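Coordinates in review
Here are the chains, one letter per residue:
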Amino acid sequence: MGRKFFIKTFGCQMNFNDSERIRGILRTLGYEPARSWEEADLILINTCTIREKPDQKVLSHLGEYRKIKEKNPKALIAVAGCLAQRMGWELVKKAPVIDIMFSSFNMHQLPELINQAQAGYKAIAILEEPPEDEDKVWEFPTERDNPYCAYVTIIKGCDKRCTYCVVPKTRGRERSRSMESILEEVRRLVDEGVREIHLLGQNVTAWGRDLEKPVPFSELLYEISKVDGVERIRFTTGHPKDLTDDIIDAMADIPQVCNALHLPVQSGSDRILSLMDRGYTKEFYLERVEKLKEKVKGIALSTDIIVGFPTETEEDFEETLDVVRKVRYEQIFSFKFSPRPGTPAAEMEGQVPDEVKTERMTRLLELQKGIMSEIAKTYEGTVQEVLVEEARDEGTLVGRTTTNRWVTLEGDRSLLGKIVKVKVKKASPFNLDAELLEVVR
Ligand code: SAH
Ligand code: SF4
Ligand code: F3S
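Numbering of residues starts from 1 in each chain and follows the order in which that chain's sequence is written. Lettering of chains starts at A and numbering of ligands starts at 1, both following the order in which they are written. Side-chain atom pairs in this predicted model are given and counted only at pLDDT of 80 or more, local residue features only at pLDDT of at least 70, and totals for whole chains, interfaces and linings cover all residues. Side-chain measures were taken over the full set of non-hydrogen atoms in the model, leaving aside hydrogen atoms and water.

1. Quick notes on the overall build of the protein
Secondary structure is summarised from DSSP: a helix means a run of H or I of at least four residues, a strand means a run of E of at least two, and numbering begins at the N terminus for each. Scanning the protein for helices and strands turns up 14 helices and 19 strands. The C-alpha radius of gyration computed for the protein amounts to 22 Å, which stays within 12% of the reference 22 Å derived for 441 residues, consistent with globular compactness. Scored against the burial criterion, the 441 residues of the protein give a buried share of 55%. Just so you have it, the protein exposes about 19900 Å², and 50% of that area is on carbon and sulfur atoms. Throughout, the radius of gyration refers to the C-alpha atoms, and the reference size of a globule is 2.2 Å times the residue count to the power 0.38. Exposure categories follow from relative accessible area, calculated using a 1.4 Å probe and restricted to protein chains: below 20% of the type maximum is buried, above 50% is exposed, and the middle band is partly exposed. Surface accessibility follows the Shrake-Rupley procedure with a 1.4 Å probe radius. Residue values consider only the protein chains on display as shielding.

2. So, the packing of helix α8 (residues 179-191) against helix α9 (residues 217-225)
The contact between α8 and α9 brings their axes to 10 Å, and the two run at 30°. Judged on the interaxial angle alone, α9 and α8 are roughly parallel. The two elements α8 and α9 cross, and the hand of that crossing is right-handed. Residues M179, I182, L183 and V186 of α8 lie in contact with α9, whose contacting residues are E219, L220, E223 and I224. Of the residues belonging to the contact of α8 with α9, the class tally is 6 nonpolar, no polar and 2 charged. Fitted lines through C-alpha atoms serve as axes, helices being fitted only where they are in contact, and the angles separating the N-to-C directions of these axes extend from 0 to 180 degrees. Convention used here: angles under 35 degrees read as roughly parallel, angles over 145 as roughly antiparallel, angles from 65 to 115 as roughly perpendicular, and any remaining angle as oblique. Here a crossing is taken to be left-handed if its near helix is turned anticlockwise relative to the far helix by less than a right angle, and right-handed if that turn runs clockwise. Throughout, a contact is declared for two residues whenever any of their heavy atoms are within 4.5 Å. In this classification, the charged set is Asp, Glu, Lys and Arg, the nonpolar set is Ala, Val, Leu, Ile, Met, Phe, Trp, Tyr, Cys and Pro, and all remaining amino acids, among them Gly, are polar.

3. Overview of α9
Taken as a whole, α9 has its buried residues at F217, S218, L220, L221, I224 and S225. All buried residues of α9 project into a common sector of 155° when viewed along the axis, lining one side. Buried residues belonging to α9 abut α8, β10 (196-200), β11 (232-236) and α10 (245-253). This arc describes the spread of directions from the helix axis toward the C-beta atoms.

4. Things to note about the site of ligand 1
We call a residue near a given molecule or strand whenever any one of its heavy atoms falls within 4 Å of it. Lining the immediate surroundings of ligand 1 are 15 residues, of which Q202, P264, Q266, D304 and S338 lie closest. Under this definition, polar contacts are N or O atom pairs within 3.5 Å; protein pairs additionally need one hydrogen-donor-capable and one acceptor-capable atom, and for neighbouring residues in sequence, both atoms have to be side-chain atoms. In the model, a nitrogen atom of ligand 1 is placed 3.0 Å from a nitrogen or oxygen of the Y164 main chain. Between ligand 1 and S338, the relevant distance is 2.8 Å, taken from a nitrogen atom to a main-chain nitrogen or oxygen of the residue. Burial of ligand 1 by the protein amounts to 90% of the accessible area it has alone, namely 540 Å². Counting only elements with at least two residues in the shell around ligand 1, the list comes to β13 (300-307) and β14 (331-336). Class assignment of the residues belonging to the shell around ligand 1 gives a composition of 6 nonpolar, 4 polar and 5 charged.

5. Here's the deal with the nonpolar core
Of all hydrophobic cores here, the largest spans 85 residues; its most connected members are I154, L199, W207, F217, F235, Y285 and L292. Each of domain 2 (134-376) and domain 3 (383-439) contributes no fewer than three residues to this core. Dropping the residues within four chain positions of it, L292 is found in contact with L243, I248, M251, L261, L263, I299 and L301. If you look at the next biggest cluster of nonpolar residues, it comprises 25 residues, including I68, V79, L91 and V92. Nonpolar core, defined: a set of buried Ala, Val, Leu, Ile, Met, Phe, Trp, Tyr and Cys residues in which side-chain atoms within 4.5 Å join the residues together. Domain borders in the structure are assigned automatically or taken from a domain database.

6. Quick word on the packing of aromatic side chains
Classification of ring pairs uses Phe, Tyr and Trp, with its six-membered ring standing for Trp, and accepts pairs whose centres are within 6.5 Å; under 30 degrees between planes counts as stacked, over 60 as edge-to-face, and the remaining range as tilted. Tallying each qualifying case throughout the model produces 6 aromatic pairs. Among the aromatic side chains, those forming a connected cluster through ring pairs are Y164, F309 and F337. Look at NZ for Lys and CZ for Arg. If either is within 6 Å of the ring centre and within 35 degrees of the ring normal, a charge sits over the ring. Stacked on the ring of F335, the Lys or Arg R51 has its end atom at 3.7 Å from the ring centre. When the ring centre of W138 is taken as reference, the NZ or CZ atom of R177 above it lies at 3.8 Å.

7. Side note on the sheet that holds strand β17 (residues 406-410)
In a beta sheet, neighbouring strands are held together by backbone hydrogen bonds and run either parallel or antiparallel to one another. When DSSP finds two or more bridges between a pair of strands, those strands are recorded as paired. Spatially, 5 strands are ordered β15-β16-β17-β19-β18 in a closed barrel, and the strand pairing comes out mixed. Adjacent strand axes in the sheet meet at a mean angle of 50° when their direction is disregarded. Judged from the 6 bridges that link them, strand β15 (residues 383-392) and strand β16 (residues 396-401) form a sheet pairing that is antiparallel. Residue R392 lies in a different strand from β16, and its bridge partner there is T396.

In short, geometric facts, not functional conclusions.
This is the structure we're talking about:
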């Protein structure tokens with residue numbers, strides 16, 4: 001009987017993509033996916049530590065997985081990702097059941113770590129700095145569930161120092177992946193049938209600056225668009241400060257770049273933005289949005305907002321609501337400020353009580369709900385291009401518009417992976433009901 005793995009992933013799309021790579025690594029070692037953690041020989045948790053809640057979830061999962069050793073004493077428990085990088089041995093002390101530990105710095109070392117653990121040693125490999133040979137990781141394949149849309153990590157780490165954020169600590173300094181390595185993966189994915197490439201990084205707009213010969217991110221967009229078979233390109237996350245005119249122009253100019261951008265604002269108050277060390281003002285942000293809307297017609301914007309940052313007053317929060325009213329986002333991800341160990345904001349005076357955070361969050365969501373249903377209405381009766389991604393029961397297909405909206409339509413499986421034109425019949429905030437007009441390509 002072959003050995004089986006089970007992976008549980010928390011956190012952002014980059015962690016999700018890392019898990020796809022880890023699956024690829026485990027496959028090359030001969031592991032097969034288990035249906036549940038109970039039947040696995042290797043359980044791996046890819047962790048997140050961006051806020052307090054994900055930390056707690058990881059610890060409770062570890063408590064649960066401990067039971068597996070009673071049934072299968074040889075089973076291994078591995079912890080990867082950002083919480084592993086932040087806590088290291090401290091986490092092993094809390095959860096001695098851990099056999100293997102590594103982070104996004106050294107995923108390529110997983111084969112050796114498994115060997116060590118099988119020989120009975122604790123294989124804890126948490127490094128201060130990313131190792132010289134970390135690029136070896138790109139030699140491993142990824143294993144994906146979606147055959148048509150694929151993530152491609154193009155830059156690791158973050159050189160910004162937002163005062164609330166643990167990511168620079170857990171993912172290290174910015175390291176751009178080389179253009180050749182990215183294009184090679186894109187070509188391989190397209191050969192496998194992928195049509196949409198989603199570029200990932202904590203700060204993709206900073207890509208290329210740290211390369212031996214610096215290259216602007218906009219040039220990477222052009223190069224990817226030239227790869228035969230790439231129908232769509234998305235990228236996440238862009239930092240407003242690094243969203244230069246050449247990137248906006250490239251978005252407008254390259255037909256494959258989707259009409260959507262996630263541009264985290266975090267707050268609308270200049271005072272809070274400065275305490276966060278975001279490096280821009282409300283006015284600067286709104287000017288970037290204006291430019292985007294002017295050049296990239298019909299662009300759908302989404303954002304991240306933190307409510308209840310230390311010292312945030314009612315007036316500060318009103319400024320955030322003002323940005324939301326002005327920009328009219330298609331989607332907002334909002335979070336209550338969560339103090340993270342070792343970050344400057346956690347130590348700031350004037351922490352906001354939880355009731356106030358909850359109350360502000362409720363008002364923000366209420367405002368956004370209205371905007372979302374108004375925007376949804378504007379889709380009714382329009383014609384949209386959709387990449388068909390999935391077949392659900394009885395002749396129902398789902399896909400996404402270039403503005404990243406989910407669409408449901410009737411049709412058979414032969415349309416999977418095709419770009420089709422549809423007419424929207426009924427629109428709600430999270431779904432467009434549409435009918436098929438024609439197959440485009
Ligand atoms: N690199 C991205 C964000 C990555 S983290 C950027 O700079 O925009 C994803 C989101 O989590 C952030 O945009 C922020 O809104 C939220 N976040 C990060 N740290 C947080 C904290 N300490 N408390 C609450 N939300 C936080
Ligand atoms: Fe965190 Fe700021 Fe870097 Fe985003 S840009 S990952 S919020 S430090
Ligand atoms: Fe979480 Fe790490 Fe992503 S802390 S949000 S998994 S970069």
